[in-house]
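An overview of the molecular structure
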Amino acid sequence: MNKKNIYKQILVNREKGRKMLAVLIDPEKNDLRNLASIIAILKICPPDFIFIGGSHGVNSTDSIIEIIKEEIDTSVVLFPGDASQFSKHADALLYLSLLSGRNPEYLIGQHIKSSVAIKQSGVEVIPTSYLLIDGGKMSTVEYISNTKPIPRDKKEIVCSTAIAGELLGMHLTYLEAGSGANHPVPTEIISHVRSMTSIPLIVGGGICSTAAIEAAFNAGADLVVVGNVFETKPEKMTEFIHWVTSFNEGDTSGQRDNFIHPDIINL
Ligand code: 1GP
């Protein structure tokens, strides 16, 4: 397998202050016809990553990943709802631990079910703290995992949980409001977690506009995940991907952490 070293890409982009966008494809919600039109768009306008997965993992991810990889070069990262969604065809796997919950099945159970296959596959594994935050309605993650989200006004709990994940050796923190959430993760939570942890930060759930992406980036998200809105408005993919490119091109001192403009250094 030709390793792409996805985690290194994330770290390098972060170091450069370059923000990232992942398009989430849920195999459950996308039949082959949908997939063909998504691929046609992503061929012209590739995002940083394609995430594949969903909380209600009934369909196999194998065939969908194989089709995508035949058509486009963009790295495919598994974002699995459970062990059955693992695929050796992916470039990397977010090995998610649902640290906001207290269901052992999603803290370690599903990991044990899939560990041998993952190890044998050689797929890059990225241990990820997965924190569900109340997005204003019951999410599929909440229902399927039988865990409670962290209330939106409890940024200290979110932060303590994210720190615990980092101390346990996780490589990423993923703040999730749930797919199709009424409200994305509050920016106060994102900025608080960002200030108290040092691993890269992913934010997703209910992000439907470039203004919401910008708010998440400015609060400290390194990578934003968008899925649901593309299911009804696929044309938004091009808009969002172009917008992120422009955001990065126009990114100077205001949007980079610890960035000092060369003109200032030369003074
Ligand atoms: C859900 O974070 C992702 O797991 C993306 O959420 O589908 O609401 O964009 P949306």
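Predicted, not measured: the structure shown is a model, and the values here were computed from it. (Residues numbered from 1 in each chain as written. Predicted model: local features only at pLDDT ≥ 70, side-chain atom pairs only at ≥ 80, totals over all residues. Heavy atoms only, no water.)

**Concerning the confidence of the model for the protein**
- For the protein, mean pLDDT is 92; residues scoring 70 or higher make up 92% of the total.
- Model confidence for the protein, summarised as mean pLDDT per element, is weakest for helix α11 (residues 262-265) at 30 and strongest for strand β6 (residues 172-176) at 99.
- Note that pLDDT drops below 50 for residues 252-267; the model gives that stretch 11 contacts with residues more than four away or on any other chain. (pLDDT = per-residue confidence, 0-100. Helix = DSSP H or I, 4+ residues; strand = E, 2+ residues; numbered from the N terminus. Contact = heavy atoms within 4.5 Å.)

**Let's talk about the packing of aromatic side chains**
- Per the stated rule, a full pass over the model turns up eight aromatic pairs.
- An angle of 90 degrees between the planes, with centres 5.1 Å apart, marks the rings of Tyr-130 and Tyr-174 as edge-to-face. Here Tyr-130, found in strand β5 (residues 124-132), pairs with Tyr-174, found in strand β6; they are 44 residues apart in sequence, far enough to count as distant. By the burial criterion, Tyr-130 is buried, and Tyr-174 matches it. (Phe/Tyr/Trp six-rings, centres within 6.5 Å; stacked < 30°, edge-to-face > 60°. Buried < 20%, exposed > 50% of the residue type's maximum accessible area, 1.4 Å probe, protein only.)

**What about the site of the ligand?**
- Among the 14 residues in the neighbourhood of the ligand, the closest are listed as Glu-176, Ser-179, Gly-180, Gly-227 and Asn-228.
- In the environment of the ligand, an oxygen atom lies 2.4 Å from a nitrogen or oxygen atom belonging to the side chain of Glu-176.
- The contact in question runs from an oxygen atom of the ligand to an N or O atom on the side chain of Ser-179, over 2.5 Å.
- Here the ligand loses 96% of its free accessible area of 300 Å² to cover by the protein chains.
- Secondary structure elements with two or more residues in the shell around the ligand: β6 and β8 (223-226). (Near = heavy atom within 4 Å. Polar contact = N/O pair within 3.5 Å; in protein donor to acceptor, adjacent residues only side chain to side chain. Areas by Shrake-Rupley, 256 points an atom, 1.4 Å probe, with all protein chains shown as cover.)

**Things to note about the packing of helix α2 (residues 32-44) against helix α3 (residues 62-71)**
- Packing of α2 against α3 leaves a shortest axis separation of 10 Å and a crossing angle of 30 degrees. The orientation of α2 with respect to α3, classified from their angle, is roughly parallel. Relative to α3, α2 is oriented so that their crossing is right-handed. Mapping the contact onto sequence places Leu-32, Leu-35, Ile-39 and Lys-43 in α2 and Ile-64, Ile-67, Ile-68 and Glu-71 in α3.
- When its residues are assigned to classes, the contact of α2 with α3 shows six nonpolar, no polar and two charged. (Axes fitted to C-alpha atoms, helices over the stretch in contact; angles between N-to-C directions. Parallel < 35°, antiparallel > 145°, perpendicular 65-115°, else oblique. Left-handed = near helix turned anticlockwise from the far one by under 90°. Nonpolar A, V, L, I, M, F, W, Y, C, P; charged D, E, K, R; others polar.)

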